[in-house]
Amino acid sequence: MIVTTTNAIEGRKILEYKGIAFGEVISGVNFLKDFAAGLSNFFGGRSGSYEGELIQARENALRELENRARSMGANAVVGVDIDYEVLGQGGNMLMVTASGTAVVIE
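Residues numbered from 1 in each chain as written. Predicted model: local features only at pLDDT ≥ 70, side-chain atom pairs only at ≥ 80, totals over all residues. Heavy atoms only, no water.

Per an unreviewed UniProt entry, the protein chain is named UPF0145 protein KQI86_05525, and its organism is Clostridium mobile. What the UniProt record of the protein chain gives under Sequence similarities (unreviewed entry) is the line "Belongs to the UPF0145 family." (UniProt positions renumbered as here; feature names shortened; annotations may be inferred.)

Right, dumping it as structure tokens:
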């Protein structure tokens, strides 16, 4: 399945629009990741534990978007947008939402 942020796919014609598809993931950050990130914050540098959590959440949201688009009868998703939000008391939850238009392409 082609998933793209553009509104068209070069060399391919959109035959049918199936509707808007979403993929959402809410991920909790545990104590050990918080502790490791706090050390990175104190000593400087990047937080590998948070980056890994973000990458995993984004990949899961995109996979869910693909699955939902496929269940709608689509073989591609165009106009994809990915949003990130911090939730929960103390900001310990990460929400990643991927949305786009499910389409049938030739």
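Engineer: Any details on the overall build of the protein chain? Residues and values, ideally.
Structural biologist: The number of helices and strands found in the protein chain is two helices and four strands. What you see in the protein chain, going N to C, is helices and strands ordered as β-β-α-α-β-β. Within the protein chain, the proportion of its 106 residues that are buried is 29%. The contacts of the protein chain with a sequence gap of at least 6 include a subset with a gap of at least 24, amounting to 76%. In the structure as shown, the protein chain presents an accessible area of about 6,600 Å², 54% of it carried by carbon and sulfur atoms. (Helix = DSSP H or I, 4+ residues; strand = E, 2+ residues; numbered from the N terminus. Buried < 20%, exposed > 50% of the residue type's maximum accessible area, 1.4 Å probe, protein only. Contact = heavy atoms within 4.5 Å. Areas by Shrake-Rupley, 256 points an atom, 1.4 Å probe, with all protein chains shown as cover.)

Engineer: So, the nonpolar core: which residues are in play, and what are the values?
Structural biologist: Within soluble globular proteins, side chains that are nonpolar tend to cluster in buried spots. Leu 65 and Ala 69 are the most contacted members of the largest nonpolar core, which has 13 residues in total. Going through the elements one at a time, strand E2 (14-28), helix H2 (48-71), strand E3 (76-87) and strand E4 (93-105) are the ones with two or more residues in this core. With residues near it in sequence (within four places) discarded, Ala 69 still touches Met 1, Ala 21, Ala 74, Val 77 and Ala 102. Ranked by size, the runner-up nonpolar core spans six residues in total, among them Ile 9, Ala 76, Val 78 and Val 103. (Core = buried A, V, L, I, M, F, W, Y, C linked by side-chain atoms within 4.5 Å.)

Engineer: How would you summarise the pattern of salt bridges if you had to cite specific residues and measurements?
Structural biologist: Applying the stated rule across the entire model yields four salt bridges. Ionic pairing is found between Glu 16 and Lys 18, a salt bridge with its closest N-O pair at 2.9 Å. You can call Lys 18 partly exposed: its relative accessible area is 31%. A salt bridge links Arg 68 to Glu 24, with the nearest nitrogen and oxygen atoms 2.7 Å apart. Highlighted residues: Arg 68 in helix H2 and Glu 24 in strand E2, separated in sequence by 44 residues. You can call Arg 68 partly exposed: its relative accessible area is 37%. Since its relative accessible area comes to 33%, Glu 24 is described here as partly exposed. Salt bridges sharing common partners tie together Glu 24, Glu 64 and Arg 68. (Salt bridge = Lys/Arg side-chain N within 4 Å of Asp/Glu carboxyl O.)

Engineer: Summarise the sheet that holds E3; cite the residues concerned and give the values.
Structural biologist: Taken in spatial order, the four strands line up as E1-E3-E4-E2 in an open sheet, and their pairing is mixed. Each having just a single partner strand, strand E1 (2-3) and E2 make up the two edges of the open sheet. As judged from the ten bridges shared by E3 and E4, these two strands associate in the antiparallel manner. When the sheet's bridge partners are listed, Ile 82 is paired in E4 with Ala 98. (Pairing = 2+ DSSP bridges.)

Engineer: Report on the pairing of E4, specifying residues and quantitative values.
Structural biologist: Consecutive side chains of a regular strand alternate in pointing toward one face of the sheet and then the other. The buried fraction of E4 is high, at ten of 13 residues. Sheet analysis places E2 next to E4, joined by 13 bridges and oriented antiparallel. For Gly 28, the partnering residue across the bridge sits in E4 and is Met 93.

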